[in-house]
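For reference, the chains in residue letters:
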Amino acid sequence: KDLLDRFKHGLAKTARLFDVRSWFGRKVDQDFLDELEAKLIRADVGVKATQILIDRVREAYADKTADEDLLAFLKAEMKALLQDPQAGALAKAPTNPTVILIAGVNGSGKTTSIAKLAQRLKDQGNSILLGACDTFRAAAADQLAIWAERSGADMVRGNAGADPASVAHDACDRALARKVDYLIVDTAGRLHTQTHLMRELEKVRGIISRKIEGAPHESLLVLDATNGQNAIQQARIFSKSIACSGVILTKLDGTAKGGVVVAVRQQTDLPVKFVGVGEGIDDLQPFDPDAFVESLFS
Ligand code: GDP
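Attention here is on the structure that accompanies the text. (Residues numbered from 1 in each chain as written. Predicted model: local features only at pLDDT ≥ 70, side-chain atom pairs only at ≥ 80, totals over all residues. Heavy atoms only, no water.)

This paragraph deals with the nonpolar core. Trp23, Met78, Phe238, Leu249, Phe292 and Phe297 are the most contacted members of the largest nonpolar core, which has 58 residues in total. Those residues in contact with Trp23, other than ones at most four positions away along the chain, are Phe18, Phe32, Leu36, Lys39, Ala66, Leu70, Leu71, Leu74 and Phe297. Residues Trp147, Ala153, Tyr182 and Ile248 belong to the second largest nonpolar core, which totals 23 residues. (Core = buried A, V, L, I, M, F, W, Y, C linked by side-chain atoms within 4.5 Å. Buried < 20%, exposed > 50% of the residue type's maximum accessible area, 1.4 Å probe, protein only. Contact = heavy atoms within 4.5 Å.)

In this section: the packing of aromatic side chains. Scanning all chains against the criterion turns up four aromatic pairs. Seen from their ring centres, Phe18 and Phe297 are 4.7 Å apart, and the 35° between their planes marks the pair as tilted. Here Phe18 is found in helix 1 (residues 3-18), whereas its partner Phe297 is found in the segment after helix 11 (289-296), with 279 residues between them in sequence. Positioned above the aromatic ring of Tyr61 is the side chain of Lys64, whose terminal nitrogen or guanidinium carbon lies 5.6 Å from the ring centre. Over the ring of Phe136 we find Arg190; its NZ or CZ atom is 4.0 Å from the centre of that ring. (Phe/Tyr/Trp six-rings, centres within 6.5 Å; stacked < 30°, edge-to-face > 60°. Helix = DSSP H or I, 4+ residues; strand = E, 2+ residues; numbered from the N terminus. Lys NZ or Arg CZ within 6 Å of the ring centre and 35° of its normal.)

The subject of this paragraph is the pattern of salt bridges. Under the defined criterion, the tally for this structure stands at 19 salt bridges. The partner of Glu35 in a salt bridge is Arg26, with the nearest N and O atoms 2.9 Å apart. Between Asp55 and Arg58 there is a salt bridge whose closest N-O contact spans 3.2 Å. Of the two residues, Asp55 and Arg58 are both situated in helix 3 (residues 47-61); the distance of three residues between them amounts to about one turn of the helix. The exposure class assigned to Arg58 is partly exposed, which follows from its relative accessible area of 31%. One network of salt bridges, with partners in common, ties together Lys75, Lys79 and Glu294. (Salt bridge = Lys/Arg side-chain N within 4 Å of Asp/Glu carboxyl O.)

Our next topic: the sheet that holds strand 7 (residues 272-276). Spatially, eight strands are ordered 3-2-4-1-5-6-7-8 in an open sheet, and the strand pairing comes out mixed. Among the strands making up the open sheet, the edge pair consists of strand 3 (154-157) and strand 8 (284-286). Neighbour-to-neighbour, the strand axes of the sheet open up by a mean angle of 20°, direction not taken into account. Bridge analysis of strand 1 (residues 98-103) against strand 4 (residues 182-186) gives five bridges, and the strand direction is parallel. Looking across to strand 4, one finds that Ile102 is bridged to Asp186. (Pairing = 2+ DSSP bridges. Axes fitted to C-alpha atoms, helices over the stretch in contact; angles between N-to-C directions.)

For the rest of this paragraph, the subject is the side chain of Ser219. Along the chain, Ser219 falls in strand 5 (residues 218-224). For Ser219, a relative accessible area of 2% puts it in the buried group. Side-chain polar atoms of Ser219 contact the side chain of Arg205, separated by 2.7 Å. Other than its neighbours up to four places away in sequence, Ser219 contacts Leu101, Arg205, Ile242, Ala243, Cys244, Ser245 and Gly246. (Polar contact = N/O pair within 3.5 Å; in protein donor to acceptor, adjacent residues only side chain to side chain.)

Turning next to the pairing of strand 2 (residues 128-132). Most of strand 2 sits out of view: five of its five residues are buried. Side-chain alternation along strand 2 places Ile128, Leu130 and Ala132 on one buried face and Leu129 and Gly131 on a second face that is also buried. Of the strand pairs in this sheet, strand 2 and strand 4 are connected by five bridges, and their pairing is parallel. Across the sheet, the residue bridging to Ile128 is Tyr182, located in strand 4. The pairing of strand 2 with strand 3 spans four bridges and is parallel. The residue bridging Gly131 from the neighbouring strand is Val156, located in strand 3. With respect to chirality, the unit in which strand 2 leads through helix 6 (residues 138-151) into the neighbouring parallel strand 3 is right-handed. (Right-handed = clockwise from strand over helix to strand, strands pointing away.)

Laid out in structure tokens, this is it:
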């Protein structure tokens, strides 16, 4: 199945919630705007972005009749909120390796996303080294190792409980020695020990930036779309310690409300770079705001 189809499938529930055909022919009065507002909130668009969208619709369409034009207007406004030159993009360092640091709380889909991203880059002809710096969860490193072996990617890992910073150090050394195209670094995600976790992340990031010029070139935060507004709260916490450059939003195929993409963009100011649309190794898609908004209302 085509990835875009799966993307659309995942958003079908949100599209049904909007039920745009039922708007047409109605007068754009306060009732109409209240209903639209409630739908946007229920779709996880978030209070701030919803307010912006409702204000724009009110300005442009008050007392007019809702029609295809209004829908096109709303889509354009939503696309504008999501627009970012970095959406769907991935940095490439002028000289190898490009280092991608991946963070996120356990259960967000971090391990799966790393495997998917590595597979994607591998399929594009790149050499990949994985740095398993989540030394606390042996299972996560085991899972990554299985994938790495299957696809022929190289991996650096420490013993259980090893210092994550020392694993990062070794991974950087090997990435430099072998001149790999991409070094993807996994990190721990135990949010219940927040202060410790953030300090550890800062340390890993610090090592990477000292070992490799300009690195990490991307610091991507993995967020579970089904967590709605909680995902945004997590983004704020992580942004404080690792200066995130973008988001991988997972599980958009599941029970997630699609509007959360808009909320993440609006409330964190981070570009959405990739979206997860399934559990399979190929189910990671560069985020395309236009295709996304079209799917949301179709
Ligand atoms: P981690 O604890 O953050 O490393 O999370 P995992 O990568 O182990 O993923 C947790 C669960 O979420 C697993 O069952 C994954 O298969 C599932 N998962 C990850 N990404 C997606 C996605 O995009 N869609 C769906 N439906 N499931 C996902």
